[in-house]
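Examining the three-dimensional arrangement
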Amino acid sequence: MIKNEKVNKFYAEILKGSVAIRVLRGGNSMVSRRKFLLLTMAGATAIATGKALELSEKKESELSKYKWAMIIDVEKCTECIKSRGGFGARPPCVEECAKANNVPRSDKYDYDLIRIYEVRATEDAEPLYFPVMCQECENPGCVQVCLTQASYKREDGIVVVDLHRCIGCRYCMIACPYNARRFLFEPPEEHLTVVNPEAPIRRHGVVMKCEFCVWKIDRERAEGKDPKPVCVEACPYNALIFGNLKDPNSEVSKILRTSKVITLRANLGTNPKVKYKL
């Protein structure tokens, strides 16, 4: 807390709009009122505490060697869903994802991080079934609108939510064109029958999403294993393929070179790293 009365009064005037702030536009840069507040408060805090803000060059981390992606074989997924009775079935990828990631089962709300969509070319056509989770976009709108920077993209491309920063404003849910985020309307512990101590237990009032089981990916990578999210291992049809796009010999890289692969809502320029093989 900054106790200087003049400084606090200055911020109050900015918030009321009585202090004019010029919005600078040049290239892709823009300084908004909110960003100006964050910058000035950061600077004032540094002065108040007697500590200078230090800028250091960002070093290449271990994560930057990876760009994780998933390819979903739609034909195999469709076969799986049909074998379970068609639309409305709860396949192993959805079930095991929920168990491993402490996703609550509620009669009132759907919190599943993977949803199955039925798609038909025409009304009479045979259906195709698409599992849709967070698409791990290269240009994620959710990150751009997050007020607290709770949503951010790691160097390996995985978009995650910092549960300590999330204030539950749900701007990210509005910005996501894939309807891939869930808001916890209820205390999750009331609906959890199994708890995985390795995965986070989220609190009531925050947003959650698929994060490619980042807790598992990081552990297995550190152990020298070939990491895979839980849904990939749970799929009995081997319809989900996961790997590193920066490795030209990975299975996902090979499929992208040799098969017909699409992304959802490609016209938006989000560049998803979840892709669908037709």
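Refer to the structure above for everything that follows.
The rules behind the values
- Residues numbered from 1 in each chain as written.
- Predicted model: local features only at pLDDT ≥ 70, side-chain atom pairs only at ≥ 80, totals over all residues.
- Heavy atoms only, no water.
- Helix = DSSP H or I, 4+ residues; strand = E, 2+ residues; numbered from the N terminus.
- Buried < 20%, exposed > 50% of the residue type's maximum accessible area, 1.4 Å probe, protein only.
- Contact = heavy atoms within 4.5 Å.
- Areas by Shrake-Rupley, 256 points an atom, 1.4 Å probe, with all protein chains shown as cover.
- Core = buried A, V, L, I, M, F, W, Y, C linked by side-chain atoms within 4.5 Å.
- Pairing = 2+ DSSP bridges.
- Axes fitted to C-alpha atoms, helices over the stretch in contact; angles between N-to-C directions.
- Phe/Tyr/Trp six-rings, centres within 6.5 Å; stacked < 30°, edge-to-face > 60°.
- Lys NZ or Arg CZ within 6 Å of the ring centre and 35° of its normal.

1. Concerning the overall build of the protein chain
Along the backbone of the protein chain there are nine helices and twelve strands. Across the 278 residues in the protein chain, those meeting the buried criterion constitute 42%. In the protein chain, of all internal contacts separated by at least 6 residues, the share reaching a separation of at least 24 is 58%. For the protein chain, the computed accessible surface area is about 16,400 Å², with 53% contributed by carbon and sulfur atoms.

2. Here's the deal with the nonpolar core
If you look at the biggest cluster of nonpolar residues, it comprises 53 residues, and the most contacted ones within it are Met70, Ile72, Phe212, Leu240 and Tyr276. Per-element accounting of this core gives the leading share, four residues, to helix α4 (residues 92-100). Beyond its immediate sequence surroundings of up to four residues, Ile72 is in contact with Cys77, Pro131, Met133, Ala239, Leu240, Val274, Lys275, Tyr276 and Lys277. Counting five residues, the second-largest nonpolar core is a separate cluster that includes Ala100, Ala199, Cys213 and Val230.

3. Regarding the environment of Met173
The residue Met173 is located in helix α6 (residues 171-175) in this model. By relative accessible area, which is 27% here, Met173 ends up partly exposed. Separated by 27 residues in sequence, Met173 and Cys146 have C-alpha atoms that sit 9.8 Å apart.

4. A word on the pairing of strand β5 (residues 128-132)
When you tally the buried positions in β5, you get four out of five residues, the bulk of the element. Sheet topology note: the strand β4 (residues 115-119)/β5 ladder contains five bridges and is antiparallel. Looking across to β5, one finds that Glu118 is bridged to Tyr129.

5. Topic: the sheet that holds strand β10 (residues 240-244)
Reading across the sheet, the four strands line up as β10-β3-β12-β11 and stay open at both edges, with mixed pairing between neighbours. Every other strand in the sheet has two partners, leaving β10 and β11 (261-262) as the edge strands with one partner each. In terms of strand pairing, strand β3 (residues 68-73) meets β10 through five bridges, oriented antiparallel. Bridge assignment links Met70 to a residue of β10, and that residue is Phe242. Across the sheet, helix α9 (residues 251-258) touches β3, β10, β11 and β12 (274-277), and the angle it forms with β10 is around 110°.

6. Regarding the packing of aromatic side chains
The geometry of two aromatic rings is summed up by the distance between their centres and the angle between their planes. Summed over all chains, the structure comprises seven aromatic pairs. Relative to Phe242, the ring of Trp68 lies with its centre 5.2 Å away and its plane at 15°, an arrangement referred to as stacked. With Trp68 in strand β3 and Phe242 in strand β10, this pair connects stretches of sequence that are 174 residues apart. Accessibility assignment for this pair places Trp68 and Phe242 in one class, buried. Among the aromatic residues, those joined into a ring-pair cluster are Tyr66, Trp68, Phe212 and Phe242. Over the face of the ring belonging to Phe183 we find Arg170, whose NZ or CZ atom lies 4.1 Å from the ring centre.

Read these as geometric descriptors, not functional statements.
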